[in-house]
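Understanding the architecture of this molecule
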Amino acid sequence: MLSQKEKELIAEVWTRMVSVADEIGSDALNRMFTTFPGTKTYFSHLDISPGSEHMLSHGKKIVLAIAEGAQDISQLAVSLAHLQTIHAYQLRIHPPNFKLFSHCILVALACYMGDDFTPVLHAAMDKYLSAFAAVLAEKYR
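Residues numbered from 1 in each chain as written. Predicted model: local features only at pLDDT ≥ 70, side-chain atom pairs only at ≥ 80, totals over all residues. Heavy atoms only, no water.

Points about the pattern of salt bridges
Tallied over the full model, the rule gives three salt bridges. The partner of Glu6 in a salt bridge is Lys127, with the nearest N and O atoms 2.9 Å apart. Remark: Lys127 occurs in helix H7 (residues 119-137) and Glu6 occurs in helix H1 (residues 4-17); sequence separation between them is 121 residues. Arg31 is the salt-bridge partner of Asp27, the closest N and O atoms lying 3.1 Å from each other. Here Asp27 and its partner Arg31 are both found in helix H2 (residues 21-35), four residues apart, which amounts to about one turn of the helix. Among the residues examined, Asp27 registers a relative accessible area of 24% and is labelled partly exposed. Residue Arg31 is classed as partly exposed on the basis of its relative accessible area of 27%. (Salt bridge = Lys/Arg side-chain N within 4 Å of Asp/Glu carboxyl O. Helix = DSSP H or I, 4+ residues; strand = E, 2+ residues; numbered from the N terminus. Buried < 20%, exposed > 50% of the residue type's maximum accessible area, 1.4 Å probe, protein only.)

A word on the packing of H1 against helix H3 (residues 53-70)
Relative orientation of the contacting elements H1 and H3 amounts to 145°, with a least axis distance of 8 Å. Classified by chirality, the crossing of H3 by H1 is left-handed. Of H3, the residues touching H1 (which contributes Ile10, Ala11, Trp14 and Met17) are Val63, Ile66, Ala67 and Ala70. A breakdown of the residues in the contact of H1 with H3 according to their chemical character gives eight nonpolar, no polar and no charged. (Axes fitted to C-alpha atoms, helices over the stretch in contact; angles between N-to-C directions. Left-handed = near helix turned anticlockwise from the far one by under 90°. Contact = heavy atoms within 4.5 Å. Nonpolar A, V, L, I, M, F, W, Y, C, P; charged D, E, K, R; others polar.)

Here's the deal with H2
For H2, which comprises 15 residues, the first-to-last C-alpha distance of 21 Å matches the rise-based estimate of 21 Å (1.5 Å per residue) to within 8%. Those residues of H2 that fall on the buried side of the exposure criterion are Ala21, Ile24, Gly25, Ser26, Ala28, Leu29, Met32 and Phe33. (Expected span 1.5 Å × (residues − 1).)

A closer look at the environment of Ile66
Relative to the assigned elements, Ile66 resides in helix H3. Distance in space between the C-alpha atoms of Ile66 and Ala21 is 9.9 Å, their sequence separation being 45 residues. Setting aside its immediate chain neighbours within four residues, Ile66 contacts Trp14, Phe101, Tyr128, Leu129 and Phe132.

Brief notes about the side chain of Glu6
Under the relative-accessibility criterion, Glu6 is labelled buried at 15%. If sequence neighbours within four positions are ignored, Glu6 has contacts with Met1, Ala124 and Lys127.

Here's the deal with the environment of Ile48
Topologically, Ile48 is positioned in the loop between H2 and H3. The sequence separation of Ile48 and Leu29 amounts to 19 residues, and the corresponding C-alpha distance is 8.6 Å.

Quick notes on the state of the cysteines
Under the counting rule described, the total for this entry stands at zero disulfides. We note that Cys104 lacks a disulfide partner, and the nearest cysteine sulfur, in Cys111, lies 11 Å from it. Exposure remark for Cys104: the relative accessible area of 3% places this residue in the buried category. (Disulfide = S-S within 2.5 Å.)

Quick word on the environment of Ala28
Here Ala28 lies in helix H2. Remark: the alpha-carbon pair of Ala28 and Gln4, spanning 24 residues in sequence, is separated by 27 Å. Those residues in contact with Ala28 that sit more than four places away from it in its chain are Phe101, Cys104, Ile105 and Ala108.

Concerning the confidence of the model for the protein
Summarising the model, the protein shows a mean pLDDT of 88, and 93% of its residues fall at 70 or more. Per-element mean pLDDT across the protein ranges from 65 in helix H5 (residues 81-90) up to 96 in H1. (pLDDT = per-residue confidence, 0-100.)

In structure tokens, the structure reads:
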């Protein structure tokens, strides 16, 4: 799936993104809510207006989880086990929403990174985020 070079590239990028996790994450959430309005239903108890404290806080949590998983992609199922359970049994997030968010985080990264978001990085990140989404959805089977 991912080459060693791609894994290293992904880990390096997510390590850099930790310092702007709230910005990247909230931008991706805002893109998802705007593009796919049905995803808002899971957040009806929060203020999901752009720039709100809830958006920044939840966006940061998501990016930190993605960054943590990127440090050892081969152990993604282990590092996401707790989130799998929460999303499947407590939050009951519809699994296709993970794919929708993956697309939105790719766009947010591309906007933030500009020319540093190369086609090679784009392809590697798409593979990683697809794996991330698939692991989150495993408990639904």
